[in-house]
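# Residue-level structural notes
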Amino acid sequence: MKEAGLVTRIDGDTVYLKFNRTSACSKCGACGMIAGQSDITVTVENTLHAHMDDRVEVQFTTKNALMSSAIAYIFPLVMLFVGVWLGYVIPQDVFPVKDALAAILGLLFAAAGFFVLKLLNPYFKKKFAKVYTMVRILDESEPEECS
């Protein structure tokens, strides 16, 4: 999928591109834009040597974007469910109130899931670094929406 973004900041070899919500955003969601959001800013390697306020066409791989989103949201949720399940299967002589134990373990496991993701963040950054790729710098006369 290709979208047009505006260069809002340059930091060495990295540019910050701002994308406005298009009609395609309501169907996909791969970029991470949520329902009430009108724009999102992402970082992209500046392979085309874009300058401030340039409009740039960017291609992104939906597969990598969706995979990274799935890992970020589903893993802690699975950990939450595992903690709740463990809270219910631990014998009652260990902890008398099963609901309280399930809630506590659910929250602890979810927190542990977020902590694991935080530790693995450098790995995921490297693995999913090529989600966005610059294709070309757009002329001012070209339309805002790409495809």
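As the structure is a computational prediction, the values presented were derived from the model and not from experiment.

### Topic: the pairing of strand E2 (residues 14-20)
Here E2 shows a clear split, with Val 15, Leu 17 and Phe 19 buried on one side and none of Thr 14, Tyr 16, Lys 18 and Asn 20 buried on the other. Strand direction decides the pairing type here: strand E1 (residues 2-11) and E2, joined by five bridges, are antiparallel. The residue bridging Leu 6 from the neighbouring strand is Lys 18, located in E2. The turn linking E1 back onto E2 is made up of two residues, and Gly 12 within it adopts a positive phi angle of 70°. In this structure, E2 lies alongside strand E3 (residues 39-45), joined through seven bridges in antiparallel fashion. Bridging across to E3, Val 15 finds its partner in Val 44.

### What to know about the environment of Trp 85
Here Trp 85 lies in helix H1 (residues 62-89). For Trp 85 and Leu 101, which are 16 residues apart along the polypeptide, the C-alpha to C-alpha distance reads 9.9 Å.

Scoring rules and cut-offs
Residues numbered from 1 in each chain as written. Predicted model: local features only at pLDDT ≥ 70, side-chain atom pairs only at ≥ 80, totals over all residues. Heavy atoms only, no water. Buried < 20%, exposed > 50% of the residue type's maximum accessible area, 1.4 Å probe, protein only. Helix = DSSP H or I, 4+ residues; strand = E, 2+ residues; numbered from the N terminus. Pairing = 2+ DSSP bridges.

Shape is all these values report; function is a separate question.
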